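Each chain, written out:
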Amino acid sequence: MRKLSAYNNQIEASLREPILVVYRILVFHFTIHDLRFSLHTTKDESLFFTFHISHLPYIMFAKVVFPLPFRNAFTYSIPEGFEGLVLVGMRVVVPFGKRTLTGFVIDLIEEAETKHKIKPLRDLLDSTPIFGKEELKFYEWVSEYYISSLGEALRNSVPYGLDVESKKRIVADMNFCFSLYKEEKNKNSTRAKVLDLLSQKETYTISMLQKLAKKKSIYSILNTLEKKGAVSIINEIEDAKVKIKKIKHIKLNKNVDDVYAALPEIEKRSTKQVVLLMEMLSAPEEEYPLAQLLKKTNANQSSVNSLFKKDLIDVFQKEVERKFIETYEEDKKKIKLTTEQKAVVEKVSKNVASKIFKPYLLHGVTGSGKTQVYIELVRKALDIGRNAIVLVPEISLTPQITTRFYNELGDSITVMHSRMSLGERYDAWRGIIKGKYRVVIGPRSALFVPLKNIGIIIVDEEHDASYKQYEIVPKYNARDAAVVKANMNKAPILLGSATPSIESMYNAISHKYELLELKDRIDDAKLPSVSLVDISFEQKTKKMDGAFSTILVNKINDRLQKNESVIILQNRRGFATQIYCEDCGEIEMCDNCSVSMVHHINKNLLQCHYCGNKKTVPKACVKCGSLSLKFFGTGTQRVEDELLYNFPDAKIERIDSDTLNRKGRLGEILNRFKSGETQILVGTQIVAKGLDFSNVTLVGVISAETTLWIPDFRADERTFQLLTQVSGRAGRSVIEGEVIIQTQNKSHFVLQKVLANDYHGFYKNEIKLREENGYPPFTRICTVETKDDSEYKARGALNDFYNFLIKKKASLSISVPQPAMIARIKGKYRFKILIKSQKSIDPSGKYLRNAVLESFIEYNQRSKFSDIKPIIDMDPQSSS
């Protein structure tokens, strides 16, 4: 018997099958947040449930934001079949104008706030929310502080390749388009360019046509051509680029005795079927991947089909996880913490347990065991049921640190970075949502993983500039955003570095952060001795051989004789950084960018490191025809080439973005270097970051000035950090290390502080200069950039923005619009302004952000160049 009655604010259900109560909840779409219920036993032993309904609104509408530069949320109705299923934090597929887009649900409402016709959402992509209302606050902070839309901030919460959206495809009548092209009088007009392209190829996407025509505003042209019948514009829905992977599995469908009983009859007809069954009988409960089993038993699909018809096996699809496998390997070591390490772990872990936010800055010299401190703190968090995020600045740091975490903490760890395939990232992301993974290690994007119950966030090498997102909006700094996220999660955050950023050390000295220190290296290792070699003097005395001084060559030879390992740093890729004509002074420049082309000797071509443009190596000067071409400057390829000449018997490998061209390559190189198979490792700044090898006793720096001469307020700081970090790769065992730094300015203040390993002395000088010149941490800075194929339009757009902004100047310091340090990249002219706001007047930067945002809105409404979108960068890493 079953009865339902409703009165006042209660619903009562009396029934003998409790499972039906759950069914009723689903039918009425009651949510656990809105109900509290009690269970009673009546005299006739039936179950009596009473539901107390505090608030059960019928949710009819969802507010949705998109990863586009729109600051408003859009309202969609929730159609029949989706009621009760759509929750805040889920992704939905919705119509947007003539397009179909994927958006994020940020709120559910009973009544729409608009009188316009409201469209229904079309599909729901998630069964579990990616974020809740509390997590949404973090994304709202990111969008507000870094001046982006909420949708653009939320884009970071999902890995690339999951959007469902419509794409416009243009199908052209090529002959008709060609006849229209011939009628065009101005063959350089945008219309003529579009017609020319359409007469050469039948099908284009809008984005490809825009790129080739070098014009974004081609919609009116296409609409006119469509009316004439020259083209057809088709809307196509593109599914997500990555989906759950399923593969065929098989398992026994009968008990073991029945299978054995069937074997004699099967053996008469097919020995392959018998082999297949015998393999499966070795583990009768196992589910076997079909392809692997067929390969192992040398059976075929027809054998499987026959056994399936006999009902002896079951064939089914099963989800499989695509897991990133790190190629770098390292044996697990028994490690005893030093007194300093124990003190750090004890202090920070108290806040993990008590769920108290507190920011710590860990200043530990190179080789002081910071990674082991991170591991112990994460272990403490896991032990009490909390989770952890560990940020590293670059993918190059993940092999060693990930392997050490795996060795200590097992399979509760996953990584998230761009070297993973789309499928690997997707499956790791889903594993995080399901709670399978409790520790996430990765570069800046790992901060946005949907990890719940965060107990600690660790930012390794917190000073590193790669924590700053500079490619897409919002241009967040993961280190700074991590501090905010830790605060919202009531968790401590540990920022670690041997060379803390000026801002972080200032925060520690002013007691915003608590300073912790590891002053000594572990295992009684000593800091390396550092020597500066004046290459100007070496050249005068003819003691230079190419890029190498005689001193450095002799030091390398000495270490190789002792079977010790060497790291050589040159922070420039390629072979020669310029091709220079000795007669007319012409330098071979990129056609698209304001930079010189770099010679890559392995393919014997010139390449631009900004746009990727490639050229053949000229045999004569393109300007005057002279044959007197000089290959000037030194890149990692030239360093490697000269080392091979000087040490033909040594095994040498190079690490830069040219050599790390496939997944797992870095781990393989590091394995060979660790084992001693590779004796010399040459590389860009990658070799300065986090590498920990006990066999490295010598580090050589080809040119200390690579970063020192850049016209930027952080140039000194970056040079000090790079040289100190790479020096720290040497002497991490009982054998004392040595560092040789070649320079043209031996007396430079920065180099003298590197020589003395004097971070605090460097900090005191640098903080004084920052205060005198009005740079962070005493000011908050923001850059606004415009870029376009037309120099006139790029300049005009920024001039307009500047004119709107200058009216709101008040306490702001605003530079006049000027060309960027690299005035042209990828064919686009670039102009910038720099805005400063004194923290003593505007401590949170709110006035600065409001002035920029209001100017941005006014620019979009009033500028004749409003089709050019200004790029706003709050807290940029460079002022130029």
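Thresholds, definitions, all that
Residues numbered from 1 in each chain as written. Predicted model: local features only at pLDDT ≥ 70, side-chain atom pairs only at ≥ 80, totals over all residues. Heavy atoms only, no water. Core = buried A, V, L, I, M, F, W, Y, C linked by side-chain atoms within 4.5 Å. Buried < 20%, exposed > 50% of the residue type's maximum accessible area, 1.4 Å probe, protein only. Contact = heavy atoms within 4.5 Å. Pairing = 2+ DSSP bridges. Helix = DSSP H or I, 4+ residues; strand = E, 2+ residues; numbered from the N terminus. Axes fitted to C-alpha atoms, helices over the stretch in contact; angles between N-to-C directions. Parallel < 35°, antiparallel > 145°, perpendicular 65-115°, else oblique. Left-handed = near helix turned anticlockwise from the far one by under 90°. Salt bridge = Lys/Arg side-chain N within 4 Å of Asp/Glu carboxyl O. Phe/Tyr/Trp six-rings, centres within 6.5 Å; stacked < 30°, edge-to-face > 60°.

A. Structural detail: the nonpolar core. In this structure, Phe405, Leu494 and Ile835 are the most contacted members of the largest nonpolar core, which totals 142 residues. Once residues lying within four places of it in the same chain are set aside, the contact partners of Ile835 are Arg780, Ile781, Cys782, Val784, Leu805, Leu812, Ser813, Ile814, Leu848 and Val852. Counting 20 residues, the second-largest nonpolar core is a separate cluster that includes Ala192, Leu209, Ile221 and Leu225.

B. Main features of the sheet that holds strand E29 (residues 605–607). Pairing is antiparallel in the open sheet, where three strands are placed in the order E28-E29-E30. Strands at the two margins of the open sheet, each flanked by one partner only, are strand E28 (598–600) and strand E30 (614–616). Strand-to-strand twist of the sheet, defined as the mean angle between neighbouring strand axes without regard to direction, takes the value 35 degrees. Strand direction decides the pairing type here: E29 and E30, joined by three bridges, are antiparallel. Residue pairing in the sheet places Gln607 in a bridge with Lys614 of E30.

C. Region of the structure containing the packing of helix H12 (residues 339–354) against helix H13 (residues 370–383). The N-to-C vectors of H12 and H13 enclose an angle of 30 degrees; their axes lie 10 Å apart at closest approach. Considering the angle they form, H12 stands roughly parallel to H13. The handedness of the crossing between H12 and H13 comes out as right-handed. Residue-level inspection shows Gln341, Val344, Val345, Val348, Ser349 and Val352 of H12 in contact with H13, the latter providing Gln372, Val373, Glu376, Leu377, Lys380 and Ala381.

D. Summary view of the pattern of salt bridges. Applying the stated criterion to the full structure yields 52 salt bridges. The shortest N-O distance in the salt bridge between Glu319 and Arg430 comes to 2.7 Å. Of this pair, Glu319 sits in strand E15 (residues 313–319) while Arg430 sits in helix H15 (residues 422–434); the two residues are 111 residues apart in sequence, bridging distant segments of the chain. On the basis of relative accessible area, Arg430 is assigned to the buried category, the value being 13%. Note that Glu858 is salt-bridged to Lys808, the shortest N-O span being 2.9 Å. You can see Glu858 sitting in helix H26 (residues 846–862) and its partner Lys808 sitting in the loop between helix H25 (791–806) and strand E37 (813–814), a full 50 residues away along the chain. Classification of Glu858 by relative accessible area gives buried; the value is 16%. Among the charged side chains, a network of salt bridges with common partners joins Glu319, Arg322, Asp427 and Arg430.

E. How the structure looks around the packing of aromatic side chains. The final tally for this structure, using the stated rule, is 26 aromatic pairs. Ring plane angle 65 degrees and centroid distance 5.6 Å describe the contact between Phe138 and Tyr139, whose orientation is recorded as edge-to-face. Judged by relative accessible area, which is 3%, Phe138 ranks as buried. Consider the rings of Tyr792 and Phe865, whose centres lie 5.8 Å apart with planes at 75 degrees: the pair is edge-to-face. Note that Tyr792 is positioned in helix H25 and Phe865 in the loop between H26 and strand E40 (871–874), a separation of 73 residues in sequence. The class for Tyr792 is exposed, based on a relative accessible area of 55%. An aromatic cluster is built from Phe104, Phe131, Phe138, Tyr139, Phe448 and Tyr476, whose rings are joined through pairwise contacts.

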